[in-house]
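Structure at a glance
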Amino acid sequence: MNLLIIEDEAKAANRLEKLILKIQPEATVLGKIETVRDALRFLNDSHDLEVIFADIQLADGLSFEIFRQIRVSCPIIFTTAYNQYAIEAFNTNGIDYLLKPIEEERLSQALEKLKNLTPKPNFDKLYNLIKSESLGKKKYKSRFMVKVGEQIKTIPTDQIKVFYSFDGASFLLSFDGGNYIVDFTLDQLEEMLDPELFFRANRKHILSVGSCKKIYSWSNSRLVVEVEGLDEKVVVARERVAKFKAWLDL
């Protein structure tokens, strides 16, 4: 089985390769590619691929963009840490969807499913879905209800500067300077928010695009975002810096 891995985190790519070879020792990894640009270059050449494992969020964009530009004839198994892209169309078109961290048993199921596909599966429906940008679409939360004394107030998401955790609770800071407690964890909030508008910088902060006005280099290849109205500086974890820059389109 010839395969391609598209994954921008070397550790994750190496782990996936190791798991695949453990389950199917006869498999051959023809390449491990980190970006949309390099994947387009690779796939423009002729390769006898039988499956592609593709992370969805790459450093320079979503991997869906690859398959909008190049039509591939082999199955694609998507991998991601974010479940907002889980669409039933993947399964009904013979393509699987693996959430990170990928478990060996779940990967084995995906490979078994691949083995049972017909020699030339029909992926026209999936391709048309990708082309029409119906993949990855989800209705994200547009407002939050917060309590102010005995009153309930509505805060639209476009008025939220940052979500942060403090002393075991979650808060939002609005652009008008208001601080309000919210009844969700940051992990839950991350799933509710539009990833084009909000970014999980670290385990304690979710930034909005509008909050990132002052950004500085920091030690150990990290970045710091200074958010007006927030007492602490927001440190972007080193492993998230590339994605953060791509998100901001720096």
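Residues numbered from 1 in each chain as written. Predicted model: local features only at pLDDT ≥ 70, side-chain atom pairs only at ≥ 80, totals over all residues. Heavy atoms only, no water.

**Side note on the packing of helix α1 (residues 10-23) against helix α5 (residues 104-115)**
Helix-helix packing: each pair is described by the crossing angle between the helix axes and the interaxial distance. The condition is simple: Axes here refer to lines fitted to C-alpha atoms; in helices the fit is confined to the stretch in contact. Angles between the N-to-C directions go from 0 to 180 degrees. Counting from the N terminus, the helices are the DSSP runs of H or I reaching at least four residues and the strands are the DSSP runs of E reaching at least two. Crossing handedness: left-handed means the near helix sits turned counterclockwise from the far one by under a right angle, and right-handed means the same turn made clockwise. Every residue pair with non-hydrogen atoms within 4.5 Å of one another is taken to be in contact.
The contact between α1 and α5 brings their axes to 10 Å, and the two run at 65°. The element α1 and its partner α5 pack so that their crossing is right-handed. Between α1, through L16, L19, I20, K22 and I23, and α5, the contact on the second element is made entirely by E104, L107, S108 and L111.

**Quick notes on the pattern of salt bridges**
Quick note on the threshold: The term salt bridge refers to a pairing of a side-chain nitrogen on Lys or Arg with a carboxyl oxygen on Asp or Glu at a separation within 4 Å. Under the scheme applied here, a residue whose accessible area is under 20% of the maximum for its type counts as buried, over 50% as exposed, and between as partly exposed, the area being computed with a 1.4 Å probe on protein chains only.
A full pass over the atoms with the stated rule returns eleven salt bridges. Here K243 makes a salt bridge to E9, at a shortest N to O gap of 3.7 Å. Note that K243 is positioned in helix α8 (residues 241-248) and E9 in the loop between β1 (2-6) and α1, a separation of 234 residues in sequence. Assessed through its relative accessible area of 13%, K243 is described here as buried. A residue is classified by how much of its surface remains accessible, and E9, at 32% relative accessible area, is partly exposed.

**Notes on the sheet that holds strand β2 (residues 28-33)**
Threshold: Strands are treated as partners if at least two bridges between them are detected by DSSP.
Spatially, β2-β1-β3-β6-β7 is the arrangement adopted by the five strands of the open sheet, whose pairing is parallel. Two strands lie at the open edges of the sheet, namely β2 and β7 (97-99), each paired on one side alone. Across the sheet, the mean angle from the axis of one strand to that of its neighbour is 20°, orientation sign disregarded. Sheet topology note: the strand β6 (residues 76-80)/β7 ladder contains three bridges and is parallel. Across the sheet, T79 pairs through a bridge with L98, a residue of β7. The strands that α5 touches are β3 (51-55), β6 and β7; relative to β7, the one it contacts most, it runs at about 170°.

**A few points about unusual backbone geometry**
For the peptide bond that leads from K100 to P101, omega is -5°, which places it in the cis range. By the element assignment, P101 lies in the loop between β7 and α5. Of note in the backbone geometry, D167 takes a positive phi value of approximately 55° without being a glycine. Tracing the backbone through its elements, the reader meets D167 in the loop between β10 (160-166) and β11 (169-174). The phi torsion at S221 lies on the positive side, around 65°, for a residue other than glycine. By secondary structure assignment, the location of S221 is in the loop between β15 (214-218) and β16 (222-226). Residue classification places S221 among the exposed residues on the basis of a relative accessible area of 56%.

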